[in-house]
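Summary of structural features
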Amino acid sequence: QLRRQARERREYLQRRATEQQQQRQRSERRESLRRALDENRLLPTELRREALALQKELEFDFQAPGETGDSQDDEYRWVGVEPPKVMVTTSRDPSARLRLFAKELCLLLPGARRMNRGRAELGALVGACRAAGVTDLLVLHETRGRPDGLTVSHLPHGPTAHFTLSGAVLRQEVGGLGGAPLAAPHLLLLRLDSTLGKRVGTILKHLFPVPRPDSRRVVTFANEDDVILVRNHVYRRRGRTVELEEVGPRFQLRPYLIRLGTLEQGDAADVEWRWHPYTATAPKRRLLSAT
């Protein structure tokens, strides 16, 4: 089993590296053809056989400046074909508030299931989730009874995103609520338009299944000064007006680390991005938003 997982991981990394190399070579050939056409000079010899095919690609080349053309992580290539299977667990010996927050997080994520951590180690936990076909493993952490951390690990090969969690408000603390809505929600990703913001948005939005068009539930991920505000609402139409009601839970997320491997690999996995709060330009930078 361990050998098979290691082999699948090597094959995945090889596919990803090959895809990036091919995409880079293709982009260089397209750029060379574009320069030759703009300068009205003869085409390079190596491009003459595929010049027509490259020219057709140039007609539909709407790639944004600074955006990479590859899929960066092909683990998310086939999402949407089947609904995600999400497993939520906690750190060892959780408090009553953390257990309740994990239960309400399962209500926020349609189809998510909660698992008691017990004395299971991370390796056994991830192995059991892989065997059960789980697509994402969420681990909640706490300090003195307050939820303060969330780890999202996409299976079977990654990535793994680590978030600081703050301001957790439970459903009963929001007030004035009925039953918990279980329909798949529509998602709003606000001001997550930088390269890192799109990456974090991809990790978060694929925890949810595809909603029905008539769904009356909305989950919002709004970026405010590199802090992602998570809100859960239902809405009703009253004639020409729309009534919005918050159903909770409510919390904030701040990413500080993204690794390319899974959770049990720890420091052995490659670091894709890490927050550096002690650099001289840190107070001036906006990481999740392009503006």
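The model shown is predicted, which means the values in this text are computed figures rather than measured ones.

Procedures and definitions
Residues numbered from 1 in each chain as written. Predicted model: local features only at pLDDT ≥ 70, side-chain atom pairs only at ≥ 80, totals over all residues. Heavy atoms only, no water. Helix = DSSP H or I, 4+ residues; strand = E, 2+ residues; numbered from the N terminus. Buried < 20%, exposed > 50% of the residue type's maximum accessible area, 1.4 Å probe, protein only. Contact = heavy atoms within 4.5 Å. Salt bridge = Lys/Arg side-chain N within 4 Å of Asp/Glu carboxyl O. Pairing = 2+ DSSP bridges. Phe/Tyr/Trp six-rings, centres within 6.5 Å; stacked < 30°, edge-to-face > 60°.

Bringing the overall build of the protein into the picture now. When you go through the protein residue by residue, the secondary structure sums to six helices and 11 strands. Relative to its full complement of 291 residues, the protein shows a buried share of 41%. In the protein, of all internal contacts separated by at least 6 residues, the share reaching a separation of at least 24 is 65%.

This paragraph deals with the environment of Leu47. With respect to the element layout, Leu47 can be found in the loop between helix 1 (2–39) and helix 2 (51–59). Separated by 18 residues in sequence, Leu47 and Arg29 place their C-alpha atoms 7.3 Å apart. Apart from the residues lying within four places of it in its own chain, the contact partners of Leu47 are Arg29, Ser32, Leu33 and Leu54.

Here we come to the environment of Leu98. Following the sequence through the fold, Leu98 ends up in helix 3 (residues 96–108). In the structure, Leu98 is positioned 45 residues away from Thr143 in sequence and 9.8 Å away in space, judged by C-alpha atoms. Apart from the residues within four sequence positions on either side, Leu98 is in contact with Thr90, Ser91, Leu140, His141, Glu142 and Pro147.

Counting across every chain of the model gives 11 salt bridges. A salt bridge links Arg238 to Glu243; its shortest N-O distance comes to 3.5 Å. Using a relative accessible area of 39% as the deciding quantity, one classes Glu243 as partly exposed.

Turning to unusual backbone geometry, a few remarks are in order. Backbone torsion omega between Leu155 and Pro156 reads 10 degrees, so that peptide bond is classified as cis. Relative to the elements of secondary structure, Pro156 occurs in the loop between strand 4 (146–154) and strand 5 (160–169). For Arg144, which is not glycine, the phi dihedral falls at a positive 55 degrees. For Arg144, the position within the fold is in the loop between strand 3 (136–143) and strand 4. Exposure remark for Arg144: the relative accessible area of 86% places this residue in the exposed category.

With that out of the way, let us pick up the pairing of strand 4. Most of strand 4 is tucked away, with seven of its nine residues classed as buried. Examined bridge by bridge, strand 4 and strand 5 share five bridges and lie antiparallel to one another. Its bridge partner lying in strand 5, Val152 is registered against Ala161. Between the antiparallel neighbours strand 4 and strand 5 lie five residues, among them Gly158 with a positive phi of about 110 degrees.

Of all 10 residues in strand 10 (residues 250–259), seven are buried, a share of seventy percent or more. The pairing of strand 5 with strand 10 spans eight bridges and is classified as antiparallel. Within strand 10, the position partnered with Ala161 by the bridge is Ile258. In terms of strand pairing, strand 8 (residues 227–238) meets strand 10 through three bridges, oriented antiparallel. Residue Leu229 lies in a different strand from strand 10, and its bridge partner there is Gln252. Judged from the three bridges that link them, strand 10 and strand 11 (residues 271–274) form a sheet pairing that is antiparallel. Each bridged residue has a counterpart across the sheet, and for Ile258 the counterpart in strand 11 is Trp273.

Moving on: the packing of aromatic side chains. What the rule picks out here adds up to two aromatic pairs. Measuring from ring centre to ring centre gives 5.6 Å for Phe101 and Phe251, while their planes differ by 85 degrees; the resulting arrangement is edge-to-face. Taken together, the residues Phe101 in helix 3 and Phe251 in strand 10 connect sequence positions 150 residues apart. Judged by its relative accessible area of 3%, Phe251 is buried. Judged by centre distance (6.1 Å) and plane angle (70 degrees), the rings of Phe208 and Phe221 are edge-to-face. Linking Phe208 in the loop between helix 6 (195–205) and strand 7 (217–224) with Phe221 in strand 7, this pair joins segments that are 13 residues apart in sequence. Note on accessibility: Phe208 and Phe221 belong to one class, buried.

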